[in-house]
Amino acid sequence: MFRSVNTSTVLLLIAVAVCTPPIAQLDAFQPAARPAAASPKPKADYGKYNFSVTTMDGKRISLSDYAGKVVLVNIWAPWCGPCRKEAPGFLNLFKQYHDRGFEVLSVAVQTNETDVRSFIQAYKMTWPVGINDEVAMNYKTYGLPDNYLFKPDGTVAKHFVGYTAEAALKPLIEQLLPKSK
């Protein structure tokens, strides 16, 4: 009987040894490492300046969606001469600095969708554009165009009433954006 137990024990040990992976392979059975936590979403406090608007392509956006970016809020109208004059400069700035974190949000007022769409096409505006007279009222706009340049933390860096030249915005944007690598 001792001999049969010994044989059974040996067979059991052989079976366990054959079926058990080497210790080096046991790491494969460890739970996967947790992915690195995503960096926290930037925060900005736009306070009374925060607004939401439906863009011409039907997307609902808020100024707060752009936290951590340098944002130019442009309140304008298609019939406004100075608005037409400043649009090409905004396009240049947008093209030059968008990849570094510069955004333009244009809110048309005292107008209609047809005129806004024509303006967007004529001036090749590629940033979000919506129509919302309430934004102008909340911003206490008294002249067009009315432009607000926001820092990444949501505070106002500069408020421009009337025509805003590309040359006036460029050094401010450069100062507020992270330095390019």
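Cut-off values and rules
- Residues numbered from 1 in each chain as written.
- Predicted model: local features only at pLDDT ≥ 70, side-chain atom pairs only at ≥ 80, totals over all residues.
- Heavy atoms only, no water.
- Helix = DSSP H or I, 4+ residues; strand = E, 2+ residues; numbered from the N terminus.
- Buried < 20%, exposed > 50% of the residue type's maximum accessible area, 1.4 Å probe, protein only.
- Areas by Shrake-Rupley, 256 points an atom, 1.4 Å probe, with all protein chains shown as cover.
- Disulfide = S-S within 2.5 Å.
- Axes fitted to C-alpha atoms, helices over the stretch in contact; angles between N-to-C directions.
- Parallel < 35°, antiparallel > 145°, perpendicular 65-115°, else oblique.
- Left-handed = near helix turned anticlockwise from the far one by under 90°.
- Contact = heavy atoms within 4.5 Å.
- Salt bridge = Lys/Arg side-chain N within 4 Å of Asp/Glu carboxyl O.

J.: For the overall build of the protein chain, give the residues involved together with the corresponding values.
T.: Summing up its helical and strand segments, the protein chain has five helices and seven strands in all. Counted from the first residue to the last, the protein chain has its helices and strands arranged as α-β-β-β-α-β-α-β-α-β-β-α. For the protein chain, buried positions account for 36% of its 181 residues. As displayed, the protein chain offers around 11300 Å² of accessible surface, 57% of which is attributable to carbon and sulfur atoms.

J.: A description of the state of the cysteines should follow, citing residues and the corresponding values.
T.: Taken as a whole and assessed by the stated rule, the structure comprises one disulfide. With a sulfur-sulfur separation of 2.4 Å, cysteine 80 is cross-linked through a disulfide to cysteine 83. Looking along the S-S bond of the cysteine 80-cysteine 83 disulfide, the torsion reads about 80 degrees, which is the right-handed sense. By relative accessible area, which is 2% here, cysteine 83 ends up buried.

J.: Break down the packing of helix H2 (residues 81–97) against helix H5 (residues 166–176) for me, citing the residues and quoting the values.
T.: Contact geometry for H2 and H5: axes closest at 10 Å, N-to-C directions at 25 degrees. Judged by the inter-axis angle, H2 sits roughly parallel to H5. Considering the relative orientation of H2 and H5, their crossing is right-handed. Contacts from Gly89, Phe90, Asn92, Leu93, Gln96 and Tyr97 of H2 reach H5 at Glu166, Leu169, Lys170, Ile173 and Glu174.

J.: How would you summarise the pattern of salt bridges if you had to cite specific residues and measurements?
T.: Per the stated rule, a full pass over the model turns up three salt bridges. Residue glutamate 103 pairs with lysine 69 through a salt bridge whose shortest N-O separation is 3.7 Å. With glutamate 103 in strand E4 (residues 102–108) and lysine 69 in the loop between strand E2 (60–62) and strand E3 (70–76), the pair connects residues that are 34 residues apart, well separated along the chain. Between arginine 117 and glutamate 113 there is a salt bridge whose closest N-O contact spans 2.9 Å. On the criterion of helical spacing, the pair formed by arginine 117 and glutamate 113 is a turn pair, its members being four residues apart in helix H3 (residues 113–123).

J.: Got a sec to walk through unusual backbone geometry? Specific residues and values, please.
T.: Of the consecutive residues leucine 144 and proline 145, the connecting peptide bond is found in the cis state with omega at -10 degrees. The backbone of lysine 124 shows a phi angle near 55 degrees, a positive value even though the residue is not glycine. Inspection of the secondary structure puts lysine 124 in the loop between H3 and strand E5 (129–131).

Structural measurements only, silent on function.
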